[in-house]
Amino acid sequence: MIACHPTSLQKTHHHYSVFESWSGFITSYNSSIQVTVNSDISLTAKFTGVNNYFTFDGDSNIPEIKNAILSLLNDCATRYLLDNNLYLHGQIPIEKSSSLSLFSWGPVSHTIKWNVAGFDNTNLFLIHELFHAYQHGVDTVNTGRNINNEIESFMAQYKYCEKYNLLECLPGTVQGWRDSFGAYLISPTSENYDIMINYVRNLQQGAYTESEFPDIATKRNIDNINSIFTCY
Ligand SMILES: [Zn+2]
């Protein structure tokens, strides 16, 4: 038995090209497949770029996005997020946006819209959205809006900023982040989780209401963070 998936074909295509389809022995749009063979087969993986979006293969006309990606590739955790989102999980284009930063998902395509001009250090917001994209890839049950996914995405920003001494680049205060997200990392109690929720809701100035971003009991953890930031 052999497992055929894009990682086994890395040398034959550009690293951040986007998987499109298989042809030959198997016809599938899944980037990861497993086949059992008992004789020679012919199997071709087709990769493509994403028009008008960032593709990492040098044809992007959005230098801010490319520079941010290059810096995130230097970190083990954010590199993992990029590898998963742009590569293993298929096509998640990153689109320049003037007024917001968000990850949207649909049955066919997902998109990260990202404001490259509104703040200093906007790649910190790209980390946030990349983490939402990761959550969507690993969590097939609760993929809608909830405050727990927000906590994890803000925690991803916190971990990265803490490591590189960039906490002052985040909205809010350094002390505010330490007293909420930092405190939970030291002592992951339910009380400290509530403090993180309050901090994030205050930070968003009422935009993350409880009805729009509910608190889901089974998601009151940072399991996704713990599995990705093990390299820190
Ligand atoms: Zn978010």
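Fair warning: this is a prediction, and the values are worked out from it, not measured in the lab. (Residues numbered from 1 in each chain as written. Predicted model: local features only at pLDDT ≥ 70, side-chain atom pairs only at ≥ 80, totals over all residues.)

J.: Account for helix α4 (residues 147-163), naming residues and giving values.
T.: The α-helix advances 3.6 residues per turn, and as a result positions three or four apart in sequence lie on the same side. Between its terminal C-alpha atoms α4 stretches 24 Å, which fits the 24 Å expected from 17 residues at 1.5 Å a residue. Where burial is concerned, most of α4 is hidden: 15 out of the 17 residues are buried. Positive backbone phi, at 60°, marks N165, one or two positions downstream of α4. (Helix = DSSP H or I, 4+ residues; strand = E, 2+ residues; numbered from the N terminus. Expected span 1.5 Å × (residues − 1). Buried ≥ 20, exposed ≤ 12 C-beta atoms within 10 Å, placed from the backbone.)

J.: Tell me about the nonpolar core, residues and numbers included.
T.: Taken as a class, soluble globular proteins show a tendency for nonpolar side chains to be buried jointly. In this structure, L81, I127, L130, M155 and F181 are the most contacted members of the largest nonpolar core, which totals 38 residues. Of all the elements in the fold, those that place two or more residues in this core are α1 (63-72), α2 (76-88), β7 (111-115), α3 (123-138), α4, α5 (174-186) and α6 (190-203). Residues within four places of L81 in sequence aside, it is in contact with L130, F131, Y134 and I228. (Core = buried A, V, L, I, M, F, W, Y, C linked by C-beta atoms within 7 Å. Contact = placed C-beta atoms within 7 Å.)

J.: Can you explain the pairing of β7? Please cite residues and give values.
T.: In terms of strand pairing, strand β5 (residues 94-97) meets β7 through four bridges, oriented parallel. Opposite I94, over in β7, you have I112 as the bridge partner. Inspection of the sheet shows strand β6 (residues 102-104) paired to β7 by three bridges, in the antiparallel sense. Paired with F103 across the two strands is I112, which belongs to β7. (Pairing = 2+ DSSP bridges.)

J.: Summarise the sheet that holds β6; cite the residues concerned and give the values.
T.: Within the open sheet, the three strands sit side by side as β5-β7-β6. Their pairing is mixed. Two strands lie at the open edges of the sheet, namely β5 and β6, each paired on one side alone. With direction set aside, neighbouring strand axes in the sheet form an average angle of 25°. Sheet strands touched by α3: β6 and β7. Its angle to β7, the strand with the most contacts, is close to 165°. (Axes fitted to C-alpha atoms, helices over the stretch in contact; angles between N-to-C directions.)

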